[in-house]
Structures are given as C-alpha cells and as structure tokens.
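# Commentary on secondary and tertiary structure
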Amino acid sequence: MKYFFKLIFFLFAILGHAQYAVKDIPESLMQEANAVIRQQEISITLNDFDSMTTYTKMVVTVLNRDGMSAVSPVAFYDEDSSVKDIKAFVYDSKGKQIKKFKKKDFTDMSVSDGNLYSDDKMMVMDYIPAKVPYTFEFISEVKSKSTAFLPLWNPSPIYGVSTQKSTYKIINEKEVPLLSKKYNLEQFRATVKETPGHYKYEVENIPAVSKEYLSPHYTEFTPIVKVALKEFRLFGQYVSVSSWEEFGKWQNEYLLKDIEDLPKETIAKIASLVAGVKDTKEKARIIYEFMQNKTRYISVQVGIGGWKPTPAKEVDKLGYGDCKAFTNYTKALLKSQGIDSYYTIVDSGSSGLDIDEEFVAIQGNHVFLTIPLAEEKLFLECTSQRVPFNYMGDSTDDRKVLMITDEGGVIEKTPAYTTKTNSQKLTAQLTLKEDQSISGNLNEVTQGVLYGDKYELETIEKQVVHSYYKELWSHLNNLNVAESFFVNDKRNIIFSEKLTIEATNYTSLAGDRLLLMPNVFNRLSYIPIPKKERSQEVVLKRGKTFSDVIEITLPEGYSFEVGFEPITIHTDFGSYMAKVEVLNGSKILYTRDFTLNNGTYGKEKYVGFVAFINAITKADISKVVLVKNKE
C-alpha cells in the first residue's frame, strides 16, 4: 500500500511541475499570440474602509521575444502600504520548474518617474530568459491602509496576448459601501457572482487581439471591471463621497483649502501688471504668462502631496512645482485680481478619454485651470512654460473633465477642434534647374491641434531643426535648409515656418525630357495594411485640412509638355484634389487640397479607407513631363 501512495505522490509531483506545458495551451489561444496569460488571479480583501490586502497571481507563457512585455514582476508600495509576500517561478516549455525567486531576489527601489522626490516605491525583478518559450509565474501580496484605489480587472490587457483564465475577487465581509462599473462582460461570457460581501468575476479563453490601425480605445472592446469604495482612506484622511458634488466638496475642504495665500509683494506686482486693463480675458492672459515666465516643472510626490497641491506661497518663492502646484498658483494669482477660476481634473492623453460620470471615484492623471467668463470658458494648461494662453491641444481637448467649484464637483466638456481649425497651409516659390536641382522659398502656416506638433521648433537648436526637415521630407535628395525663420503667434495660436531650401537630383531624366513631381513637399507615404477581417471600428479622432500651393519656375530651355488631369476624390472619410496649371511658358502652379474627416466608421468600411489613402499616395507622386526646346 505504501508503494501505491508513493506512486500517487510521484505522479502528483510530475503533474504539478508540468502544469504549464506549452503543449497544453488550446490552439485557439496560440493564434496571433506573442504570449498567453495562463492564469490571472486578483483577490482583494477589504478588512475595512482603511485596510485592504491585494493578492495577485500572474502566470504568463511567453511564446516569442515580442511577448516578453507581458511579464511584469513588480509590486508597488508607499509609506501607507507594504509588500507582505513576493515570489516568482520560471518553467521551461514542458512545464518543468527551472528557476525560483524569493523576496530577497527582488530589487527595492524608488519610483522616480521624473519626480524630484517620490515616496512611491516598488519591488521589481529583471529576468532575461536563455530561450523561449518559457512560463513565468509571479505572486505578490500587498497590504495597504490607503483604499482610494482598488485594482481594476482587465483580463485582456495587452495586444497580441491571449488569456486562458482570469479571476477577480473582492471579499468585503464588513460590506464597506462600494460601486462598480462593468464593460463588455456579456460578449466574453464572463461568469459573474455577486452576493453580499463577496464578488467574483471570471472569464476563460480570450483570444489574442492584434492592434489595429485607428481602432477605438481598448476599454470599448475588452472586458473591464472597475471598483471603488464610497468610503475610503487616503494617506490618513477619511473620505466619504457618493456624488460628484460631494467629491468636489471633499477636494475643496481637504486638498485645496488654505493653500492660495500669496506674498503681498507678488499681489502688488500682479496688480501693477494688469493696471489699466479692463478686459478680464486680457488680464488672465497677462497673469498666465507671468506664471509661465516664473516657473519650471519639477514634480514632488510625497504622501498626500501626491494629490494635494504645493501651497502658492512656496511655488512663488521657489519657482518650481508640478501640474497641481502651478494650477493652484495660477488660481491664486487670478483670485488676487478678482478673477474666479476652477481647479479641473482631466484624463490627459491623445486618446481623449472622458471622466466617467457614472463612476464617482478618483479619476484622471492631470489638472488644469478653467476660467468661467460670461461669454466663454477659458482653459489654461499651467504645466507648460511655452504653450499659448487658452490652448488645449490634443492632450486635453474634446473630453469630459471635472471642475472643482465652490459648490462641489461639476462635469464639463473641453472644446473640440474642428476639421477646418486643424489646418496646415503651405505656399512655395521654387526654381527647377537643368542640373535637376530645385531650390526656393516656402511658407507653412499651422493651426489647431497641428499647431501643437510645430511650435516647439522655435526653441530647438538649428542643427536639430535641419535634421527634422530632412526626416520629414526624406524624399528630397541632399536637402539643405539654407535658412529657417519661425513666427509663433501665441495670441492667435498660429505657427509659421519660413524656409529657404535646396535639393539635388529632384527630377528624372528621360532623353531630352524631365519627369517632375510637382508635389515637392507634403506627400502621404504610409499605406495602412489591408485586412479582410477587421475586428474593430475605424476611429478618425480629429479632422484635419491640408492645403499646398506650389509655383515652380521651369529650367531655362524647357517647356511644359504634358501633365495629368485634375484628380478629385470624395469619400465619407474625406476628400482630395490635385491639379497642375501652366501659368506661362516658364512656370507651372501645383495645387493640392486634402481633408480628413473625423468620425467613427463601421469595421466593414476599413477596406474603403485603405483604398482612399492608397489613392492619395499614388496621386501625390503624379508626374508632369517637361521637354527640352528645340533650337
């Protein structure tokens, strides 16, 4: 009998070591996958509103080198939390354990992330495998007295990674009040079990999703569960909120109170700067530019300081701070002159995510200032020392934000830049020579979100600027930017580039003829990869308008022989027009207008979008023929 038990024990040992063999992964999860999440488990135990323990287990089989980013053996903590346990195991392709890491094998380090100082820390391990595939198992347990942030459940977090099984549990036996928001669970046939004090969500066999060009944000098509406590502790503070109004009042009372005092000397200086100025908007502009000239960005994230702004007096004295500090400082400067403004929370980034109105919890990653004038609302990005007054750009435009008013939190929408507003207009006068070189002057004027891509050029070294243009117009051989001059009209938010350029071997020689592409500068070159079975809608986030007018003087001894018929393209995605005209015997005029419309289009229209872009790339390199005059 004892031999029988030994055999059973031996078999269990073998099975235990082989539980993550690559061959056991379902074929459907291997398709288009760089890695497979074999098992993901997040278990949150809420001991009370001011105490929680988070257990995390992540088992990832890495199939190739591109899948290594799916492995993240890191546990974060701070002065209000501690890592109770952390360990990791590595298995070969057959599921045999080949490495084991204990807590002492992890590196304890600060999470600086560009901050001058931060008390956020992490325990992390850097493991480089000898070969792939391999399986990495990571387990951590973190205990925290701050309960403002509960980990969300995202069982499909990375493109190119499939998920075999993922479980999310919340144990809340004291029934601390909480709220939750669920996304896309039904379409993934997730199992949901919600009983008083216990919540469990589970999903299996999620195939890998490839990143698709112009796809929606991943929260729109992957399973997500967000959970937050209505009563929580944030670095020693007890907080209870159930509405955005209450949330704003808490921010005002505990985070924004008594931090707006300024030195009398500064108030007097500001008063002298705006003396005689009657227009409130112009006063705000002067104060904003004073703040920009006085400050520089350095972030300090310590305890509640990670959420509470540095007092205005300190910013005024030292001249540095982060987005919270500068926003509060500008608010205090404006207040000293009787101008009301609101500290405003936003989810910053070009993806344009809204503050979720239905999920009353700490959200966002950035703050700016809103000034509610009678005729319009002004939005001030206080972090940058160079961005124009009342310019949002694609980082904070067109999304819901949370204004902290005296009456509490209020959801507001930032302005959206229109297709016409986002414009780039180029005019050029060029001369083509018989040696096939081309030279001349150009002027390009940019507005809207496109302004944000250009205005930093005036602050960059000349050598870097020239490298920028060489990369931008890489089709121009031996491009030399002989002169560059920039005009940054910050009041009207218009950026102008004035260049003198020359390039060699621009045309092609065919006997006594020259083949010339009159579209010298702005050409579409990237063609999206056609995909017969696209899975997501096509999202064109911001419409844009491009206009080029180029006058070219022909080489001496040459005349225009033949061109191309005017090209016009009209689709739901936008329009395109290109034409060439003969001005006289020695000049031609090339005109190009390209408009890209914003909008969301069905996935079945992606093929049409690719065709639209493909047609433009071909049209952009249309040629005309110049013939040498007979003597």
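Structural notes, computed from the coordinates. (Residues numbered from 1 in each chain as written. Predicted model: local features only at pLDDT ≥ 70, side-chain atom pairs only at ≥ 80, totals over all residues. Heavy atoms only, no water.)

### Here's the deal with the pattern of salt bridges
As a working rule, side chains carrying opposite charge can pair if their charged atoms are close by. Rule in force here: Only one rule defines a salt bridge in this text: a Lys or Arg side-chain nitrogen within 4 Å of an Asp or Glu carboxyl oxygen. Only runs of H or I of at least four residues qualify as helices and only runs of E of at least two qualify as strands under DSSP, and these elements are numbered from the N terminus. Note on exposure labels: buried denotes an accessible area under 20% of the residue type's maximum, exposed denotes more than 50%, and partly exposed covers the range between, all computed with a 1.4 Å probe on protein chains only.
Evaluation of the coordinates by the stated rule reveals 35 salt bridges. Measuring nitrogen to oxygen at the nearest pair gives 2.8 Å for the salt bridge that ties aspartate 356 to lysine 181. One end of the pair, aspartate 356, is in the loop between strand S20 (342-346) and strand S21 (366-372); the other, lysine 181, is in strand S11 (residues 178-183), and 175 residues separate them in sequence. The exposure classification of aspartate 356 matches that of lysine 181, with both residues buried.

### Thoughts on the environment of serine 622
We apply this condition: Note on contacts: a residue pair is in contact if any heavy atoms of the two residues lie within 4.5 Å. We define a polar contact as two N or O atoms separated by no more than 3.5 Å, with the added condition that, inside protein, one atom must be a possible hydrogen donor and the other a possible acceptor, whereas residues neighbouring each other in sequence contribute only through side-chain atom pairs.
Looking at where serine 622 falls in the secondary structure, it is placed in the loop between helix H9 (606-619) and strand S38 (624-628). Residues serine 622 and tyrosine 159 lie 463 residues apart in sequence; the distance between their C-alpha atoms is 38 Å. The residues touching serine 622, leaving out its near neighbours within four places in the chain, are Leu516, Met517, Pro518, Phe564 and Ile567. A distance of 2.8 Å separates the side chain of serine 622 from the backbone oxygen of alanine 619, its partner in a polar contact.

### Notes on the nonpolar core
Note on soluble globular proteins: their nonpolar side chains tend to be buried together. Note the cut-off: Among buried residues, those of type Ala, Val, Leu, Ile, Met, Phe, Trp, Tyr and Cys that are joined through side-chain atoms within 4.5 Å constitute a nonpolar core.
Judged by nonpolar contacts, the single largest core of 81 residues is most densely connected at Tyr469, Val520, Phe521, Ile550 and Tyr576. For this core, the leading source of residues is H9, giving seven residues. Contact partners of isoleucine 550, with chain neighbours within four places excluded, come to Leu426, Ala428, Leu430, Pro518, Val520, Phe521, Ile588, Leu589 and Tyr590. Counting 39 residues, the second-largest nonpolar core is a separate cluster that includes Ile42, Leu46, Met52 and Trp250.

### Details of the packing of aromatic side chains
Stated precisely, the cut-off is as follows: Note on aromatic pairs: the rings of Phe, Tyr and Trp (six-membered ring only in Trp) are paired at centre separations within 6.5 Å, and the planes decide the class, stacked below 30 degrees, edge-to-face beyond 60, tilted for the rest. The criterion for a charge sitting over a ring is simple: Lys NZ or Arg CZ within 6 Å of the ring centre, and within 35 degrees of the ring normal.
Following the criterion strictly, the structure yields 30 aromatic pairs and no others. Feature note: the residues Tyr213, Tyr526, Phe546, Phe573, Tyr576, Phe594, Tyr601, Phe609 and Phe612 constitute an aromatic cluster, connected by ring pairs. Taking the ring centre of phenylalanine 359 as reference, the NZ or CZ of lysine 226 above it sits at 4.8 Å. Lying across the ring of tyrosine 606, arginine 534 places its NZ or CZ 4.4 Å from the centre.

### Comments concerning the sheet that holds strand S24 (residues 408-413)
Test applied: Any two strands between which DSSP finds at least two bridges are classified as paired. Only the contacting stretch of a helix is used when fitting its axis, a line to C-alpha atoms as for every element, and angles between N-to-C directions run 0 to 180 degrees.
Strand order across the open sheet formed by five strands is S22-S21-S20-S23-S24, with antiparallel pairing between neighbours. For this open sheet the edge positions go to strand S22 (377-380) and S24, each flanked by a neighbour on one side alone. Neighbour-to-neighbour, the strand axes of this sheet turn through a mean angle of 35°, independent of strand direction. Here S21 runs beside S22; their pairing, made up of four bridges, is antiparallel. Residue pairing for S22: leucine 369 is matched across the bridge by leucine 380.

### Notes on unusual backbone geometry
Residue valine 132 is joined to proline 133 through a cis peptide bond whose omega torsion reads 0°. Structurally, proline 133 can be placed in the loop between strand S8 (121-124) and strand S9 (134-144). Positive phi outside glycine occurs at asparagine 505, with the angle close to 50°. Note that asparagine 505 resides in the loop between strand S28 (494-503) and strand S29 (508-510). The exposure class of asparagine 505 is partly exposed, given its relative accessible area of 44%.

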